[in-house]
Every structure is written in C-alpha cells, then in structure tokens.
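So you can see what is in the structure, the chains are spelled out below.
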Amino acid sequence: MKIVVADKISERGIELLRETGWQVVQPAGGVLERELAGAEGLVVRSATRVSEGLLAAAPVLRVVGRAGVGVDNIDVEAATRRGVLVMNTPGGNAVSVAEHTLALLLALARCVPQLSATTHAGHWEKSAAAGVEVRGKTLGLVGLGRVGGEVARRARALEIKVLAHDPYISASVARDAGVELVALDELLRRADFISLHLALGAATERLFNAATIARMKKGARLINTARGELVDEAALAAALRSGHLAGAALDVFAQEPPKNSPLLGLPNVIATPHVAGSTAEAQEEVGTLIAQQVRDFLAEGIIRNAVNLPSLSAEQYRRVRPYLALAERLGALAAQVIAGRIGRVRITCAGELAELSTHLLRSAVLQGMLNCVLEEKANLVNAPALAAARGIVVDERACRREQGFPDTLEVLVSAEDAAPPAREFAVEGTVLPAAAGTSPRTLAIDGIPLEAPLEGTILFTRNRDVPGVIGQMGTVLGNCGVNIATFSLGRRAHGGEALALVGLDGDVPETVLQPIRAVPAVLEAKLVRLPD
Ligand code: 3PG
C-alpha cells in the first residue's frame, strides 16, 4: 500500500503511517502527480490543491486525509464521484486557532505590531499608543462552531460581551456558552470586534462585502482566521482607508501567499501568514489524528470524520459493519436475480438497525447492486451518485418489529423495462452470530420464508413444489462436478411456488444452468456470485 503525504505534517503522523509497513512518500515539488499514480491514500494540509485533475492522476486513490479542518482546497464533489473518501480532523486545531484569534484581537486593540515596529526602529512613541481596552466591548462571532465556541469562552474571561450569528446553532447551546445569538445585521450593528469562524462555500463567499462592511459599526475592527475568500478584500481596504473601520487582523487571504492585495501595506492591518492552526500542539494533534484515521480506513474500513459520508463513532461502526456486508450482499443478490434494468429500490430497515446509519446501509445496498452491472467500481462513497446518474430511484423506510429477528433489512427492486406489471424481487436478511464472527443470511425471498447463508456462489431456483426436484437438481450438479455446500428451501404453500438457494463450492461455470433449467419443474434458475 502506498500513501502520499503532500504537505508537511507532524513526524508522529508520518511514523504512525510508516509503522503499518506501507510505503509513505513525501514528494518534493513537481512529482506529486507521478507519485499519486499508485497511491491509495493522500494526506494534505491547505497548500495542496486536490483538484479534479489531480484526482484523475490517482486512479487507485481511496482516501484524501486533510490534516486540519478546511476542505476548500479539495474538490469534494469530484472526489465523491470517483469514490474517494475525504476526511478531516475537526477540532484538532480549534484551540490554537482560537488563541491566535485572541492574540489578534488584543494586538488590534493595543496596536502591538505597529508599536513594536516603531520601537525597533529607534522611536519611543508613547503618544501614538492610542489603544483601547477590550473589557466591556462587544465581540461578534460569525460562526459558533468548534473554533467560535473556544473563542467565546476565552473572550468571556476578558469580560467581553459575546454575540454570535450562526443559523446552525440552537439558542439554548448559545445560551449555555454565555453567547447571545443574533441575526447578522444586528451583529454588524452592535459589535466592536467581529471575528469570522465559518467555512467557505457558495453561501459564505464574500459574505463581508461593501454592503455588509458598510453596516458594521463605525470604528469597528475585523478579524479573519477562517478563509480569505469570506471577505471582499477591496471593500475591506476601502473601509480601512476611509476610517469607517479602525483596523483588521487577517491570518488568511483570498490568494495565498497574497499578491497585490490592497490590504498589504495598510497601517491599520495586522497580517499573519495562515498560521492560526500552526502551533506545535495543533500540528501534533491533527497530524496524528489524520494518520490514524487514514490508517484505520485503509486497513479496516473504519470511517471517521468523513466529509462526504456520514461519520460514525467506533462503537456505531462496530455495530453497523456486519450489516454493511449484509446490505451489499442483498443488493448483489437482487441485482443478479431480477430480470431487466433496475429502476427502483426500496430498502426497509427494521429494529435497532433503523437507528444505525441507514444512509450507509443504503449506499452498501447500491454498491452491491451496481458492482454487478457497472464497469466502474462502486463503493460506499460514490454508489448513491452512480445510482442517481442511472436514474435509479431509492426509497428508504424504517419499521418497528414486534416479533421474529430483531434487526432485519429488506431490499425490494423493481425492473423498469420488463413488460408491465413491473417485475419485482424482494429479499430480506439479517446477521447471525457465527464461529468466525457474524454471518449474513437471507430470511425470506418474495415473502417466502427461506433462511440461507449469503456467501460465495449461490444457485437460485424457483420451481413448482412437486416430488423429486431436489434430487434432480442434485444429480445435475453432481454430473457437472459441482459440490453442494448448503441447500435451503422454502415454499409459499404445499404444491405451490417453491424457492431454493443452493450454496456451491469452487468455480462454478454458467453452463450448469442449462441442465438445471431443463428440469421440468424448474421455472427459473440464476447463478449468483456474492462479494466477499
Ligand atoms: C484549517 O483549515 O485547519 C486551518 O486553516 C489550518 O490550515 P493549515 O493546515 O494549512 O495550517
């Protein structure tokens, strides 16, 4: 296995990856694309732009790990389409970013960098120190997530009144943090200091533009340790030049490093080179976390802090994992039995399973199904998008189960191009304890009770319930040199429709189907190959 670490992360992170015995490459400039050719993992910070083009150079890539929070340097949509998991380390550098924000706030209030520069230059400008106290001032936080929350706690210790605007935070969470939740306009109007702590996206790009900046209180100060693109730099520079704003402290810029930024050189601007998260502690934390996450995903499939899949705790993952295998195999069985193009899939989760990640279970069903019909490889990340691109409608239900197996999953597929009425196939399954951990099993097919292990190669038959069918099928398989591992039967009623799932050993050729179909009572026979 090969992992490319494109940006600088902590030595501990590199060590953790090396301890696996995998090849860990830290490419020098210019050779990244070449190194990515055989890489299954890529680790970056904010410097490497993971574009569609870069992803195209990495055909076997399975995961991009971002040692840090912002993923705006990663084309997450393109990664999802390609089935590449993207994960970050939320919170890993939150305290460092919050501390840098507070450092900038105090430096802005007391003109620390400017006074330091004049003192170094041999001047003793005590009268130029037109500082203000922060005690009693109002700080407006735009975004009250992990970093915003850490800033709020620290600001309150400085006796600062904290307001926040965050549409995703409830009033009670804000109240518990001692923060008054307000609309953006009110925050702009009331705050003496405004600090940005939100992610960059279409809705937040240039949120601070000429119009919003004009609504800020006269003499207010702006701090940005989030992303440069949140602010229209020309508008901010104009407000700082005109005196509408007293100052700005910026750790991030629209272009990094900034070239021809109208903000550089302004006397009331404090600038730092995107280092808010660059403390020894934060780098140790995010480097270690991302190495562990990438390792656990590539070695064991454990998904943590994914930005393009729902995240699960280790405990939730441990519980859902056997059901992911069940879901994938039910999907694969349904896709191989149904005749015609699948147009609709209905997935029903019952029992505790409905409380686990049904999104992941749905993806696993689609993965199993699509891998039977598509050339390109479907996985948990890209299966929903691949299904949507093929026009497959997916419907998900949860139901209570009063009796029988507690946690079951049912997959019902409808074939669209079969002559009406649309042909349907339904299979229900569960996971049972087994000697080697757990065993995915079917419980019923098309409403007919039929318990069978879901593994390896299976012969599926539908027949009339008449004497001698099992014997004839066994003879045919024996004549073809195929050994039967398991034989499970079910029927709707005595003498009516019957089904069999026959587990077969070894490589079974498709040619066995011909003599099986020739057995007079056999109505339908399919060879189903299930994923491992
Ligand atoms: C982040 O998004 O985590 C911070 O902006 C830090 O970025 P960096 O990894 O480039 O220091």
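Please refer to the structure higher up on the page.
Our subject in this report is the structure included herewith. (Residues numbered from 1 in each chain as written. Predicted model: local features only at pLDDT ≥ 70, side-chain atom pairs only at ≥ 80, totals over all residues. Heavy atoms only, no water.)

Before going further, it helps to spend a moment on the environment of aspartate 505. Inspection of the secondary structure assignment puts aspartate 505 in the loop between strand 21 (497–504) and helix 17 (513–517). Assessed through its relative accessible area of 38%, aspartate 505 is described here as partly exposed. As a C-alpha pair, aspartate 505 and glycine 456 span 49 residues in sequence and 7.9 Å in three-dimensional space. In terms of polar contacts, aspartate 505 uses its side chain to reach the side chain of asparagine 483, at 2.9 Å. (Helix = DSSP H or I, 4+ residues; strand = E, 2+ residues; numbered from the N terminus. Buried < 20%, exposed > 50% of the residue type's maximum accessible area, 1.4 Å probe, protein only. Polar contact = N/O pair within 3.5 Å; in protein donor to acceptor, adjacent residues only side chain to side chain.)

Looking now at the packing of helix 1 (residues 11–18) against helix 12 (residues 280–300). Two numbers describe a pair of packed helices, the interaxial angle and the distance between the axes. The interhelical angle for the contact between helix 1 and helix 12, taken along N-to-C directions, is 15°, at an axis separation of 7 Å. Classified by the angle between their axes, helix 1 and helix 12 sit roughly parallel to one another. Taken as a pair, helix 1 and helix 12 cross one another with a handedness that is right-handed. Side by side, helix 1 and helix 12 meet where Arg12, Gly13, Leu16 and Leu17 of the first sit next to Glu284, Gly287, Thr288, Ala291, Gln292, Val294 and Arg295 of the second. When the residues that make up the contact of helix 1 with helix 12 are grouped by side-chain class, the tally is four nonpolar, four polar and three charged. (Axes fitted to C-alpha atoms, helices over the stretch in contact; angles between N-to-C directions. Parallel < 35°, antiparallel > 145°, perpendicular 65-115°, else oblique. Left-handed = near helix turned anticlockwise from the far one by under 90°. Contact = heavy atoms within 4.5 Å. Nonpolar A, V, L, I, M, F, W, Y, C, P; charged D, E, K, R; others polar.)

Within the structure, the ligand sits among Arg45, Ser46, Arg66, Ala67, Gly68, Val69, Gly70, Asn93, Arg227, His274 and Ser278. Here an oxygen atom of the ligand sits 2.4 Å away from a polar atom, N or O, in the side chain of serine 46. In the environment of the ligand, an oxygen atom lies 2.7 Å from a nitrogen or oxygen atom belonging to the side chain of histidine 274. Computed on the free molecule, the ligand has an accessible area of 320 Å², of which 92% lies beneath the protein chains in the complex. Tallied by class, residues from the shell around the ligand come to two nonpolar, six polar and three charged. (Near = heavy atom within 4 Å. Areas by Shrake-Rupley, 256 points an atom, 1.4 Å probe, with all protein chains shown as cover.)

Two elements in contact, helix 5 (residues 94–110) and helix 6 (residues 112–120), have axes whose closest approach is 6 Å; the angle formed by their N-to-C orientations is 60°. Compared by their axis directions, helix 5 and helix 6 come out oblique. Seen from helix 5, the contacting residues are Leu106, Ala107 and Arg110; seen from helix 6, they are Val112, Pro113 and Leu115. When grouped by side-chain class, the residues that make up the contact of helix 5 with helix 6 number five nonpolar, no polar and one charged.

This paragraph deals with the sheet that holds strand 5 (residues 85–87). Paired through their backbone hydrogen bonds, the strands of a sheet run either parallel or antiparallel. The parallel open sheet is built from five strands, whose spatial order is 2-1-3-4-5. Whereas interior strands pair on both sides, the edge strands pair on one side only; in this sheet they are strand 2 (23–25) and strand 5. Taken pair by pair, the neighbouring strands of this sheet meet at an average axis angle of 15°, ignoring direction. Bridging between strand 4 (residues 63–66) and strand 5 involves three bridges; their strand directions are parallel. The partner of valine 63 across the bridge, within strand 5, is leucine 85. Its contacts with the sheet put helix 12 on strand 1 (2–5), strand 3 (41–44), strand 4 and strand 5, and the angle it makes with strand 4 is roughly 165°. (Pairing = 2+ DSSP bridges.)

This is a description of form; function is not addressed.
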